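Each chain, written out:
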Amino acid sequence: MAKVSVTPQEFHFVKFDAAQVEQLTAKLADQIGLPADAAVEIDIDEATPAGRARTESLDPIKLHIEGGALEEPTAPRTLSERLSADVIGKLLLRAHDRSAADFGTAPADGELDLAQQTAWDTACMGRLERLGYDVRKPRRLYHFRNRHGFTDVADNVFNRLWAAERVTWADIEAACAETASARASA
């Protein structure tokens, strides 16, 4: 099982439990297929209610997550296991994708445009759903349509990405080009 560390170990602004985040992350890493000796370091910025999250490096896997991304919407400052699985699972799947020899070279998380980010997220969330996580597919479809268009082409691309067992960067770029072309011709 992956070696997971969470910083900080003791939270002061939010009611998070570092051990709970570590356990969830280790379980996700195992289910996703990360190597058993993978090191995952998670830095949680508990002082901000914002919800950004990004991968900062792949060896070791370093994730930076703003506290709001992991919070329970109905109980502020408490950890949501469902949202934590969404955010951490998506970032671990991206790291897993990037480590595949045939994936290709993708921009850093902070450099992805919204269409690329949404397309890749769709592929990640489809895989998380198949692992048994509640990822709220209708919400993901609506988000995808907002970035790629409310068209049959966009819906077909969404379904293809959602069902994909794995993706390459070329798949993500092709999906974005396909929906852009449909929007341009509409």
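Data block above holds the structure.
Below is a summary of the structure that appears in this document.

Reading the values: rules and limits
- Residues numbered from 1 in each chain as written.
- Predicted model: local features only at pLDDT ≥ 70, side-chain atom pairs only at ≥ 80, totals over all residues.
- Heavy atoms only, no water.
- Helix = DSSP H or I, 4+ residues; strand = E, 2+ residues; numbered from the N terminus.
- Rg over C-alpha atoms; globule rule 2.2 N^0.38 Å.
- Pairing = 2+ DSSP bridges.
- Axes fitted to C-alpha atoms, helices over the stretch in contact; angles between N-to-C directions.
- Salt bridge = Lys/Arg side-chain N within 4 Å of Asp/Glu carboxyl O.
- Buried < 20%, exposed > 50% of the residue type's maximum accessible area, 1.4 Å probe, protein only.
- Phe/Tyr/Trp six-rings, centres within 6.5 Å; stacked < 30°, edge-to-face > 60°.
- Expected span 1.5 Å × (residues − 1).
- Contact = heavy atoms within 4.5 Å.
- Core = buried A, V, L, I, M, F, W, Y, C linked by side-chain atoms within 4.5 Å.

**As for the overall build of the protein**
- A tally of regular secondary structure across the protein gives six helices and six strands.
- Ordered by position from the N terminus, the helices and strands of the protein form the series β-α-β-β-β-β-β-α-α-α-α-α.
- For 186 residues, the compact-globule formula gives about 16 Å, and the C-alpha radius of gyration of the protein, at 16 Å, lands near that figure.
- In terms of principal-axis extent, the alpha carbons of the protein reach across some 55 × 40 × 30 Å.

**Things to note about the sheet that holds strand S1 (residues 3–7)**
- Strand order in the open sheet formed by four strands is S1-S2-S4-S3, with mixed pairing between adjacent strands. Of all strands in the sheet, those with a lone pairing partner are S1 and strand S3 (53–58), marking the two edges. Pairs of neighbouring strands in the sheet enclose a mean axial angle of 15 degrees, with direction left out of account.
- Note: S1 against strand S2 (residues 39–45), five bridges, orientation parallel. By the bridge assignment, Ser 5 is partnered in S2 with Glu 41.

**As for the pattern of salt bridges**
- For the structure on display, the rule yields 15 salt bridges.
- Glu 41 serves as the salt-bridge partner of Lys 62, at 3.9 Å between the closest nitrogen and oxygen. Here Glu 41 lies in strand S2 and Lys 62 lies in strand S4 (residues 61–66), a separation of 21 residues in the sequence.
- For Lys 62, a relative accessible area of 33% corresponds to the partly exposed category.
- By relative accessible area, which is 30% here, Glu 41 ends up partly exposed.
- Bridged by salt links that share partners, the residues Lys 90, Arg 94, Arg 98, Asp 109 and Asp 121 form one connected network.

**A closer look at the packing of aromatic side chains**
- What the rule picks out here adds up to seven aromatic pairs.
- Consider the rings of Phe 103 and Trp 120, whose centres lie 5.3 Å apart with planes at 25 degrees: the pair is stacked. Of this pair, Phe 103 sits in the loop between helix H2 (81–99) and helix H3 (114–130) while Trp 120 sits in helix H3, and the two are 17 residues apart along the sequence. Of the two residues, Phe 103 and Trp 120, neither departs from the other in class, the shared state being buried.
- Chaining the aromatic ring pairs together yields one cluster made of Phe 103, Trp 120 and Trp 169.

**Regarding helix H1 (residues 18–32)**
- Its 15 residues place the ends of H1 21 Å apart at the C-alpha level, agreeing with the 21 Å of an ideal helix rising 1.5 Å per residue.
- Within H1, burial applies to Ala 18, Val 21, Leu 24, Thr 25, Ala 26, Leu 28, Ala 29 and Ile 32.
- Packing partners of the buried residues in H1 comprise S1, S2, strand S6 (75–79), H2 and H3.
- Gly 33 lies just past H1 and shows a positive phi near 100 degrees.

**Considerations on the nonpolar core**
- Residues Leu 28, Ile 42, Leu 63, Ile 65, Leu 92, Trp 120 and Leu 161 are the most contacted members of the largest nonpolar core, which totals 56 residues.
- Beyond its immediate stretch of four places on either side in the chain, Leu 92 contacts Thr 25, Leu 28, Ala 29, Ile 32, Leu 34, Val 40, Ile 61 and Leu 63.

**Thoughts on unusual backbone geometry**
- The omega torsion across Thr 7 and Pro 8 is 0 degrees, close enough to zero to call that bond cis.
- Its place among the elements puts Pro 8 in the loop between S1 and H1.
- Pro 60 follows Asp 59 through a cis peptide bond whose omega is 0 degrees.
- The residue Arg 77 is not glycine, and still its phi comes out positive at about 75 degrees.
- Along the chain, the position of Arg 77 falls in strand S6.
- Look at Arg 136: it is not a glycine, yet its phi comes out positive at around 60 degrees.
- Tracing the backbone shows Arg 136 in the loop between H3 and helix H4 (137–148).

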